[in-house]
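# Architecture at a glance
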Amino acid sequence: MIYVFKTSVTTQKAVKKLTAKLNTFIPNSKWNFDLEDCDKILRIDSKEVTAKQVIDFLNKYKFECLELE
């Protein structure tokens, strides 16, 4: 399933901080941030997690996250 989220992740430094954590959280998935988009999009292609789990995960690291439809 492909999830698309609006986030408050705004820098490459923040993405680097999250990379290892995301790879551990969803190890067999593809994900990427689009920091050039006004919504700072996070796309995740995974069958292992739910949207709520992703939102809770980013909130844990003090980032806002909202699923887009």
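Our structure's up above, just so we're on the same page.
Residues numbered from 1 in each chain as written. Predicted model: local features only at pLDDT ≥ 70, side-chain atom pairs only at ≥ 80, totals over all residues. Heavy atoms only, no water.

### A closer look at the overall build of the protein
On a plain count of helices and strands, the protein comes out with two helices and four strands. Listing every helix and strand of the protein by position from the N terminus yields β-α-β-β-α-β. Over its C-alpha atoms the protein spans a radius of gyration of 11 Å, differing by no more than 12% from the 11 Å that the globule rule assigns to 69 residues. For the protein, the spread of C-alpha atoms along the principal axes amounts to about 25 × 25 × 20 Å. Taking contacts inside the protein between residues at least 6 apart in sequence as the whole, the part at least 24 apart equals 61%. Within the structure as shown, the protein displays about 4,700 Å² of accessible surface, and the carbon and sulfur contribution to it stands at 52%. Side-chain charges of the protein comprise 12 positive and 10 negative groups, with the mean position of each set lying 9 Å from the other. (Helix = DSSP H or I, 4+ residues; strand = E, 2+ residues; numbered from the N terminus. Rg over C-alpha atoms; globule rule 2.2 N^0.38 Å. Contact = heavy atoms within 4.5 Å. Areas by Shrake-Rupley, 256 points an atom, 1.4 Å probe, with all protein chains shown as cover. Lys, Arg positive; Asp, Glu negative; His and termini not counted. Charge placed at Lys NZ, Arg CZ, Asp CG, Glu CD.)

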